[in-house]
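# Architecture and fold: a report
Residue-level listing of the chains:
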Amino acid sequence: MSQAAATPAKPFPFLSGRHLDPHAYPDGVAFLDGQYLPMSQAKVSVLDWGFLHSDATYDTVHVWDGRFFRLDLHLDRFFGGLEKLRMTTPFDRDGVAEILHNCVALSGHRAAYVEMLCTRGASPTFSRDPRQAINRFMAFAVPFGSVANAGQLRNGLHVAISDKVRIPPASIDPSIKNYHWLDLVRGLYDAYDRGADTALILDFNGNVAEGPGFNVFCVKDGKLSTPAVGVLPGITRRTVFDLCAEAGLSALAADVSVAALKAADEVFITSTAGGVMPVTTIDGAPVADGKVGPITERLMALYWKRHEDPAWSSAVRYP
Ligand code: PLP
């Protein structure tokens, strides 16, 4: 058979446009197996348990205006996860911090989404014993991204409450930040089917838990509450508690029922990917008058203002 005959006129007609360019990666720098690389070259083995079994932990910190925000808290959570999963890396806290600084500095980004992660890795013999695997540490810095876009930050997100249940803490300790996201992704598709921007899913008691990459707060009669169990203890959630303590606002971690969320005066979500973000519609109905509330607006302003505070932020060591 000639070469020409072996090559179909359209090589892969089943692929849609977005699959055609395997080199379309966000602009950034990764650290992998001891080297700094462009994102397009940062690749791991398909035999890595991080990929095969979701056996990994990670953390994401952001850089805003050239400064890391609360990096210490993200490092605490990451190293806590490593310990609970019995993983080790060749790098201690200072070593990881230096790699993160280098990834951002080499990328040149002033606003970045910076991830550190460790997978179980793989064993040279493909052993089924996780103790034989060589754990693999990686990190990368890409442009800052937000759950909410500019319009949604101004006018509020439309959130749908899915009936999917977040993986219970008895199965996976949620303080180990992890990639067990099938419940969240299925919730997200429920939300898209209902015309919403994103989803909240439930805890094992039917109360509100969290969403794909964020915690949730509601405000009723000036008091804030956020789900207490079955959720990642988010650093942005913690930051809201800290800001509330400083501002004399009451904030509590407690069960939040679906009914309480829908009857709230204000609702917002929190994430390193976007900070404090307003929610003004739940399941197609407005939250209170459907406008971004005053406490949400105040916390959004306080949150971004504190990015300049050296007590909570540190300058990236650009060359
Ligand atoms: N919940 C989940 C499941 C997350 O993945 C995240 C962040 O990625 C959050 C909550 C928010 O946590 P943080 O404020 O630390 O970004």
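Higher on the page you've got the structure.
Since the structure is predicted, the reported quantities are computational estimates derived from the model, not experimental observations.

### Considerations on the pattern of salt bridges
Opposite charge on two side chains permits them to pair, given that their charged atoms come into close proximity. Here the structure, examined in full by the defined rule, presents 21 salt bridges. Note that Lys220 is salt-bridged to Asp265, the shortest N-O span being 3.5 Å. Linking Lys220 in strand β9 (residues 215–220) with Asp265 in the loop between α8 (258–262) and β12 (266–271), this pair joins segments that are 45 residues apart in sequence. Using a relative accessible area of 40% as the deciding quantity, one classes Lys220 as partly exposed. In this structure, Asp242 and Arg238 form a salt bridge, with 3.2 Å as the shortest nitrogen-oxygen distance. Of this pair, Asp242 and Arg238 both sit in helix α7 (residues 235–247), four residues apart, which is roughly one turn of the helix. The exposure class assigned to Arg238 is partly exposed, which follows from its relative accessible area of 40%.

### What to know about unusual backbone geometry
Peptide bonds are mostly trans, and most non-glycine residues show a negative phi. One non-glycine residue, Ser54, lies in positive phi territory at about 55°. Residue placement: Ser54 occurs in the loop between α2 (49–52) and β3 (56–64). The backbone phi angle of Arg70 is positive, close to 55°, even though this residue is not glycine. Topologically, Arg70 is positioned in the loop between β4 (67–69) and α3 (71–84).

### Overview of the site of the ligand
Around the ligand, 18 residues are found, and the nearest of them are Lys177, Glu210, Ile235, Thr236 and Thr272. In the environment of the ligand, an oxygen atom lies 3.0 Å from a nitrogen or oxygen atom belonging to the side chain of Arg77. Residue Lys177 places a side-chain N or O atom 2.5 Å away from an oxygen atom belonging to the ligand. For the shell around the ligand, the class distribution of residues is six nonpolar, eight polar and four charged.

### Notes on helix α6 (residues 182–193)
The terminal C-alpha atoms of α6 lie 17 Å apart, and with 12 residues this matches the ideal 16 Å at 1.5 Å per residue to within 8%. Those residues of α6 not exposed but buried are Asp183, Leu184, Gly187, Leu188, Asp190 and Ala191. Along the axis of α6, the buried positions cluster into a sector of 160°, meaning they face one direction only. Opposite its buried face, α6 presents the exposed residues Leu182, Arg186, Tyr189 and Asp193, each directed more than 90 degrees away. Those residues of α6 that are buried are in contact with β7 (157–165) and β8 (198–202). Directly after α6, the chain includes Gly195, whose backbone phi takes a positive value near 80°.

### Some points on the sheet that holds β3
A sheet is described by the order of its strands in space; here seven strands give the open sequence β2-β1-β6-β5-β3-β4-β15, paired in antiparallel fashion. The two strands at the open ends of the sheet, each matched to only one other strand, are β2 (35–38) and β15 (313–315). Neighbouring strand axes in the sheet, compared pairwise and without regard to direction, differ in orientation by 25° on average. Pairing between β3 and β4: two bridges, direction antiparallel.

Scoring rules and cut-offs
In every chain, residue numbers begin from 1 and rise along the written sequence. Local features in a predicted model are, by the rule used here, given only for residues with pLDDT of at least 70; side-chain atom pairs are given and counted only at 80 or more, and totals for whole chains, interfaces and linings are based on all residues. To obtain the side-chain values, all non-hydrogen atoms of the structure were used and water was disregarded. The term salt bridge refers to a side-chain nitrogen of Lys or Arg lying within 4 Å of a carboxyl oxygen of Asp or Glu. The way it works is that DSSP assigns letters per residue, a run of H or I at least four long becomes a helix, a run of E at least two long becomes a strand, and they are numbered from the N terminus. Burial status follows relative accessibility: with a 1.4 Å probe on protein chains alone, a residue under 20% of its type maximum counts as buried, one over 50% as exposed, and anything between as partly exposed. Note on terminology: near, applied to a residue and a molecule or strand, indicates that one of the residue's heavy atoms is within 4 Å of it. Identification of polar contacts relies on pairs of N or O atoms within 3.5 Å, with a donor-acceptor requirement for protein atoms, meaning one able to donate a hydrogen and the other able to accept it, and with residues adjacent in sequence counted only if both atoms are side-chain atoms. All amino acids are sorted into three groups, where Ala, Val, Leu, Ile, Met, Phe, Trp, Tyr, Cys and Pro are nonpolar, Asp, Glu, Lys and Arg are charged, and the leftover types, Gly among them, are polar. Each residue after the first adds 1.5 Å to the expected span of a helix. The directions from the helix axis to the C-beta atoms are what the arc is built from. Contact criterion: two residues are considered in contact whenever any of their non-hydrogen atoms come within 4.5 Å of each other. Any two strands with at least two DSSP bridges between them are considered paired. A fitted line through C-alpha atoms represents every axis, and for helices the fit uses only the stretch in contact; the resulting angles, taken between N-to-C directions, go from 0 to 180 degrees.

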